[in-house]
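Okay, here's what each chain looks like letter by letter:
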Amino acid sequence: MDFFDRIQQITETCLSRRAKKRRIRKEKQKEKNKILDWLGAFLWAAGMVLLINQYLVQAYQIPTGSMIDTLNIGDHIFVNKLIYGPELLPGFVKLPSPIQPQRNEVIIFENPTFISRGTAFEIAQRIIHMLTLSIVDIGRDEAGEPSVQFLIKRAIGQGGDRFISEGGSMKILFAGEDRWVSEQEYNEARGWNHNIHRLMTPDQYPALIAAGQAAGWSGRGLHPSAELLDRARLTTHFPDFFTHERARLETLRRAAPGEGRYAMLLARHRLGWFVPEGRVFPVGDSRDNSRDGRFFGPVRSSKVLGRAMVVYWPIWQMRGIN
């Protein structure tokens, strides 16, 4: 091999190596471009999901039985976020809307008893919750249970209404009226046929009231009568908290009429709940298994985030929500 052949061989080897390096570099660049393309597509899709969830329609999962039989545990629903004015950002100022929550609508709202961990955490929690269609919730308490940030209930009252609970049934006194109307009577007159689910039956109430009275006497360090204890033993749990509590407070009031605190606590049960203007009174359809406005009071309309539209999963139970 002469000198020129050697030079040619070295040149071809160098060019071949250079071409191979270029080819490898191009292949790596293609892989990077694929990752960047995939990442860009994901971010675009995530952004669209966030926009839709924040301003139009959001998915939620029902965690408890407080709305049985309207909504069951595990139901996945879509909520109309636009109707009452969406929030500009999660947890921030809402846009105005000419439409306000109406009586009998199933609404979602911020839990008044929810304790926020801070603005940054709340925004991150809501974003992750929306991106995963309510499957992943990072807002859990020390026991690992989801912190209940949003509640879904039925708006049974509006501004000016008064409500009392008698035997587990709600009665309404409308503004300007002087006659209490039972909720069932009012709903039937308007053709609202949703079921108000009860865990208690009317024949259980004498035992429940007796249990409340016995608790009142015991609270004063006094021994209830044997007859009262016999009647109270017929019930082992108190799903209607308000009837039990009213009977307990009435007994304490009779036992110690000079102590004003019992009269003050009892007034809530005797006078009921008043709904100020600009608020709604949310109550669960499962009346003996719902922590709602009867515990934390009426909710500002500005805290209502949307109206329940449809159950989309399980697919064989797909239905509108009324």
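Just so it is clear, the structure is predicted and the values come from calculations on it, not from any experiment. (Residues numbered from 1 in each chain as written. Predicted model: local features only at pLDDT ≥ 70, side-chain atom pairs only at ≥ 80, totals over all residues. Heavy atoms only, no water.)

1. Concerning the overall build of the chain
When its secondary structure is counted, the chain shows eight helices and twelve strands. Counting over 322 residues, the chain shows a buried share of 38%. (Helix = DSSP H or I, 4+ residues; strand = E, 2+ residues; numbered from the N terminus. Buried < 20%, exposed > 50% of the residue type's maximum accessible area, 1.4 Å probe, protein only.)

2. Re the environment of Phe-238
Looking at the secondary structure, you find Phe-238 in the loop between helix 5 (226-232) and helix 6 (241-255). Discounting chain neighbours no more than four positions away, the residues touching Phe-238 are Leu-208, Ala-211 and His-244. (Contact = heavy atoms within 4.5 Å.)

3. Observations concerning the pattern of salt bridges
Overall, the coordinates contain 15 salt bridges when judged by the stated rule. Arg-220 is the partner of Glu-259 in a salt bridge, and the nearest nitrogen-oxygen pair spans 2.9 Å. Taken as a pair, Glu-259 in the loop between helix 6 and helix 7 (260-271) and Arg-220 in the loop between helix 4 (205-219) and helix 5 lie far apart in primary sequence, 39 residues in all. You can call Glu-259 partly exposed: its relative accessible area is 26%. (Salt bridge = Lys/Arg side-chain N within 4 Å of Asp/Glu carboxyl O.)

4. Quick notes on helix 6
The end-to-end C-alpha distance of helix 6 is 21 Å, a good match for the 21 Å that 15 residues give at a rise of 1.5 Å each. Restricting attention to buried positions, one finds in helix 6 the residues Phe-242, Thr-243, His-244, Glu-245, Ala-247, Leu-249, Thr-251 and Leu-252. Structurally, helix 6 contributes buried residues whose contacts are with helix 4, helix 7, strand 8 (273-274) and helix 8 (293-296). (Expected span 1.5 Å × (residues − 1).)

5. Some points on the nonpolar core
The nonpolar side chains of soluble globular proteins are, as a tendency, buried together. Ranked by internal contacts, the top residues of the largest apolar core, which has 14 residues, are Tyr-60, Leu-71, Ile-77, Val-106, Ile-108, Ile-152 and Ile-321. Looking at this core, the elements that each hand over two or more residues are strand 2 (76-80), strand 3 (106-110), strand 4 (150-157) and strand 11 (304-313). Here this core gets three residues from one element, more than from any other, and that element is strand 11. The next biggest cluster of nonpolar side chains, apart from the first, holds twelve residues, and it includes Met-170, Val-181, Tyr-186 and Trp-273. (Core = buried A, V, L, I, M, F, W, Y, C linked by side-chain atoms within 4.5 Å.)

6. Some words on helix 4
Between its first and last C-alpha atoms helix 4 spans 21 Å; for 15 residues at 1.5 Å apiece the expected length is 21 Å, and the two agree. Here helix 4 has its buried residues at Tyr-205, Ala-207, Leu-208, Ala-210, Ala-211, Gly-212, Ala-214 and Gly-216. Contacts made by the buried residues of helix 4 are with helix 5 and helix 6. Of the residues flanking the end of helix 4, it is Gly-221, one or two places downstream, whose phi is positive at about 75°.

7. Describing the sheet that holds strand 5 (residues 162-166)
Through backbone hydrogen bonds, the strands of a sheet pair up, either in parallel or in antiparallel fashion. Spatial strand order, 7-6-5-8: four strands in an open sheet with antiparallel pairing. Only two strands of the sheet have a single partner each, and these edge strands are strand 7 (181-182) and strand 8. Across five bridges, strand 5 lies against strand 6 (residues 169-173) in antiparallel orientation. Note on strand 6: the bridge partner recorded for Ile-164 is Lys-171. Contacts from helix 7 reach strand 5 and strand 8, with the element oriented near 95° to strand 5. (Pairing = 2+ DSSP bridges. Axes fitted to C-alpha atoms, helices over the stretch in contact; angles between N-to-C directions.)

8. Focus on the pairing of strand 6
Between strand 5 and strand 6, which follow one another and run antiparallel, lie two residues, and Gly-167 among them has a positive phi close to 60°. Bridge analysis of strand 6 against strand 7 gives two bridges, and the strand direction is antiparallel. Opposite Lys-171, over in strand 7, you have Ser-182 as the bridge partner.

9. Description of the confidence of the model for the chain
On average, residues of the chain score 84 in pLDDT, and 82% of them are at 70 or above. Taken element by element, the chain is modelled with least confidence in helix 1 (residues 3-55), mean pLDDT 68, and with most confidence in strand 9 (residues 279-283), mean pLDDT 97. (pLDDT = per-residue confidence, 0-100.)

10. A few points about the environment of Asp-285
Topologically, Asp-285 is positioned in the loop between strand 9 and helix 8. Judged by its relative accessible area of 0%, Asp-285 falls in the buried class. Each C-alpha atom, one on Asp-285 and one on His-194, is 8.2 Å from the other, the two residues being 91 residues apart in sequence. Excluding residues that lie within four positions of it along the chain, Asp-285 makes contacts with Ser-66, Met-67, Ile-68, Thr-70, Arg-154, His-194, Asn-195, Ile-196 and His-197.

11. A closer look at the pairing of strand 3
When you tally the buried positions in strand 3, you get five out of five residues, the bulk of the element. Of the strand pairs in this sheet, strand 3 and strand 4 are connected by five bridges, and their pairing is antiparallel. The residue of strand 4 that forms the bridge with Ile-108 is Ile-152.

12. Overview of the side chain of Asp-75
Along the chain, the position of Asp-75 falls in the loop between strand 1 (57-61) and strand 2. Residue Asp-75 is classed as buried on the basis of its relative accessible area, which comes to 2%. In terms of polar contacts, Asp-75 uses its side chain to reach the side chain of Arg-319, at 2.9 Å. Not counting chain neighbours up to four residues away, the residues in contact with Asp-75 comprise Tyr-60, Gln-61, Ile-62, Val-311, Trp-313, Pro-314, Gln-317 and Arg-319. (Polar contact = N/O pair within 3.5 Å; in protein donor to acceptor, adjacent residues only side chain to side chain.)

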